[in-house]
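Structural overview
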Amino acid sequence: MTEEKQEPEKGCVETAGAEEESPARAEEESPPRAEEESPARAEEETPLREEKRENGEGMCDLEEPPGSGDAEPEFVHPEGGWGWLVMLAAMWCNGSVFGIQNAFGILFLSLLREFGSENDEDLRFRTAWVGSLSMGMIFFCSPIVSVFTDILGCRITAVGGAAVGFIGLFASSFVTSLGPLYFTYGVVFACGCSFAYQPSLVILGHYFKKRLGLVNGIVTAGSSIFTIMLPFALSRLLEQAGLHYTMRVLSVLMFILMLAGLTYRPLLPAKPRPSHPGSRCPPFRQVFNLNIWRSLGYRIWAFGIPAALYGYFVPYVHLMKHVEERFGQDANKEVLLMCIGVTSGVGRLIFGRVADYVEGVNKVYLQVSSFLVIGLMSMMIPLCNIFGGLIAVCLLMGLFDGCFICIMAPIAFELVGSDNVSQAIGFLLGLMSVPMTVGPPIAGFLRDRLNNYDVAFYLAGIPPLLGGAVLCLIPWVERRRHQKEQEVNMKMLDQKNNQAVC
């Protein structure tokens, strides 16, 4: 550094010169500047300093931290443009992935006829594992998917996942027994769906902020649209073409999903990656983001939601068989899945928009209300002795199912921020895998032993009630955290004011 730069200048220029010098040099020169000012002058400028701090302005003769002048401008979300195409692609992703999963009840009946006999006491238990394992693996892989999304980006992760899902579903069409189907459909297809699904949630935060709740509602409504159409299409295909050709037709949806993933063009600035000489591996903190677990509100959310989901997937797997046993094989059972799909789509649009107007983590109360209704409706299924009552139950269940799903991403953004949302959603979905997997097989086991589904549906309604009660703690915890942060900030501000006066 030249001698000219070492000599301090006066006024605002002195601050700029301090930024170019080392922090140690700046600290050494700070006391002399403070001593040069007379007490009278300090008393005259103190009110001015405080007024400018309240207005977010800085005094030119006060020191700034090194490098503060090089801060990047805050990212502005486009709130549209190319984002609308990304939204449609993410909508197709939600539809093709969860539309197939939600329509497994139709495939379940075909699998029972194709690979089993009524003399098999554990037939429903073993067959339910196919769909249950598939749904569980989608969520189980999510923590790994979040790491890949952070490292490789949304586009590569989504396209690669859709390709794996296509291979798994297409291979399932050649399987002739339940054993291999556990692997091709329950593992390979589901893992591909997981890698394709999670980036569709993360990429929306690159394009939308103010409209994020509404856009999430539209995107998650994709699964509702597919849930409405697929049961009727699958029933027709299964009757005319059989199980194997039906799965080949479904694999076309995954091929289109590969093309949809190409639209996931990232916008948010990439996170700085600390370099380690001689190592090509990313740092541990980037692979496993432990910052999200420092939030008590997130920890409650990440364990409360899985606790509520032990009975969530049971109606999607066993409701069709329950209707056949209660109302006969000629009952129009596909209408029930259509009712769930229609009102789920409506719920996602309505509650997605409502979430935009609910302040902060109070969005959690929307999920609490959804779990309360879902739990009560699950218990109501065995009490419906007329088909019309069952339709009413499915309409309400679908409406609040849409509420629960569409506000997951907005709540994650509120609890951990946009920088950590990918792994926050990933870990949550991973924890959801256990209850989503074990619920339907347990219900099938109870049916095989008790010869009806009544107890299974009663028990399926209890976990949502308990989990919803746990989630009520989150807003209270977050309010206390914000109060402590404000107290700390006020103390730091007072200390800076005192230092400036001195």
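Residues numbered from 1 in each chain as written. Predicted model: local features only at pLDDT ≥ 70, side-chain atom pairs only at ≥ 80, totals over all residues. Heavy atoms only, no water.

**A word on the overall build of the chain**
Here is the rule: Segments assigned H or I by DSSP are reported as helices when at least four residues long, segments assigned E as strands when at least two residues long, and all are numbered from the N terminus. Here a residue-residue contact requires only that any non-hydrogen atoms of the pair lie within 4.5 Å. The protein chains shown are the only cover counted for residues, whose accessible areas, like all others here, come from Shrake-Rupley with a 1.4 Å probe.
Of regular secondary structure, the chain possesses 24 helices and 0 strands. Across the chain, every contact between residues at least 6 apart in sequence was considered, and the portion connecting residues at least 24 apart equals 84%. Entry remark: accessible area of the chain is about 24000 Å², with carbon and sulfur atoms responsible for 62%.

**Some points on the side chain of Glu-79**
For clarity, the threshold we go by: Only protein chains enter the accessibility calculation, which uses a 1.4 Å probe; a residue whose area is less than 20% of its type maximum is buried, one above 50% is exposed, and one in between is partly exposed. Neither His nor the chain ends is counted toward charge; the positive residues are Lys and Arg and the negative residues Asp and Glu. Here, a salt bridge means any Lys or Arg side-chain nitrogen found within 4 Å of an Asp or Glu carboxyl oxygen.
Locating Glu-79 in the fold gives a position in the loop between α4 (39-54) and α5 (82-102). Here Glu-79 sits buried without a salt bridge, and the closest side chain of opposite charge, Arg-211, lies 4.6 Å off (N-O distance). Apart from residues no more than four positions distant in its own chain, Glu-79 is found in contact with Trp-84, Tyr-207, Phe-208, Lys-209, Lys-210 and Arg-211.

**Notes on the packing of aromatic side chains**
Keep this limit in mind: Ring pairs shown here join Phe, Tyr and Trp side chains whose ring centres sit within 6.5 Å, with only the six-membered ring taken for Trp; geometry is labelled stacked below 30 degrees between planes, edge-to-face above 60, and tilted in between.
Within this structure, the stated rule accounts for 24 aromatic pairs. Each ring, one from Phe-104 and one from Tyr-185, has its centre 6.1 Å from the other, and the planes form 35 degrees; the classification is tilted. Placement of Phe-104 in helix α6 (residues 104-115) and of Tyr-185 in helix α10 (residues 178-202) is noted, with a sequence separation of 81 residues between them. By relative accessible area, which is 1% here, Phe-104 ends up buried. With centroids separated by 6.2 Å and ring planes inclined at 55 degrees, the aromatic side chains of Tyr-298 and Trp-301 adopt a geometry described as tilted. You can see Tyr-298 and its partner Trp-301 sitting in helix α15 (residues 296-308), 3 residues apart, about one turn around the helix.

**Quick look at helix α16 (residues 314-327)**
This is how it is decided: Expected span of a helix, by definition, is 1.5 Å for each gap between consecutive residues, and there is one gap fewer than residues. The bend reported for a residue corresponds to the angle between axes fitted to the seven residues ending at that residue and the seven starting there.
With 14 residues, α16 extends 19 Å between its outermost C-alpha atoms, agreeing within 8% with the 20 Å of an ideal straight helix rising 1.5 Å per residue. Along α16, the sharpest change in direction is near 30 degrees and occurs at Met-320. Of all the 14 residues making up α16, 11 are buried; the element is thus mostly covered by neighbouring parts of the structure. Three or more residues of α16 are buried, namely Val-314, Pro-315, Tyr-316, Val-317, His-318, Leu-319, Met-320, Lys-321, His-322, Val-323 and Glu-324. Phi turns positive one or two residues past the end of α16, at Gly-328, with a value near 95 degrees.

**A word on the packing of helix α17 (residues 334-357) against helix α19 (residues 387-406)**
For clarity, the threshold we go by: With axes taken as lines fitted to C-alpha atoms, and helix axes fitted only over the stretch in contact, angles between N-to-C directions fall between 0 and 180 degrees. By definition, turning the near helix anticlockwise from the far helix through less than a right angle yields a left-handed crossing, and turning it clockwise yields a right-handed one. Residue type decides the class: Asp, Glu, Lys and Arg count as charged, Ala, Val, Leu, Ile, Met, Phe, Trp, Tyr, Cys and Pro as nonpolar, and the leftover types, Gly among them, as polar.
Across the interface, α17 lies against α19 with an axial gap of 6 Å and an inter-helix angle of 35 degrees. Crossing of α17 against α19: the hand is right-handed. Considering only residue class, the contact of α17 with α19 consists of 16 nonpolar, 6 polar and 2 charged.

**What about the environment of Leu-349?**
Residue placement: Leu-349 occurs in helix α17. Considered as a pair, Leu-349 and Val-215 are 134 residues apart in the sequence and their alpha carbons are 8.5 Å apart. Those residues in contact with Leu-349 that lie beyond four places of it in its chain are Gly-217 and Ile-218.

**Notes on the pattern of salt bridges**
Under the counting rule described, the total for this entry stands at 8 salt bridges. The residue Lys-333 makes a salt bridge to Glu-324 at a minimum N-O spacing of 3.5 Å. Each member of the pair, Lys-333 as well as Glu-324, is classed as buried. Of the charged contacts in the structure, one is a salt bridge between Arg-326 and Asp-454, with a shortest N-O distance of 3.1 Å. Note that Arg-326 is positioned in helix α16 and Asp-454 in helix α22 (residues 454-460), a separation of 128 residues in sequence. Under the relative-accessibility criterion, Arg-326 is labelled partly exposed at 28%. By relative accessible area, which is 23% here, Asp-454 ends up partly exposed. Among the charged side chains, a network of salt bridges with common partners joins Lys-321, Glu-324 and Lys-333.

**Description of a nonpolar patch on the surface**
This is how it is decided: Only residues whose relative accessible area exceeds 30% and that form no salt bridge enter a patch; like-charged residues are grouped when within 9 Å of one another, and nonpolar side chains (Val, Leu, Ile, Met, Phe, Trp, Tyr) when within 5 Å.
A cluster of nonpolar residues, Val-252, Phe-255, Ile-256, Leu-259 and Leu-262, forms a patch on the protein surface that exposes about 440 Å² of accessible area. Along the chain, Phe-255 turns up in helix α13 (residues 243-261). On the accessibility criterion, Phe-255 (42% relative accessible area) is partly exposed.

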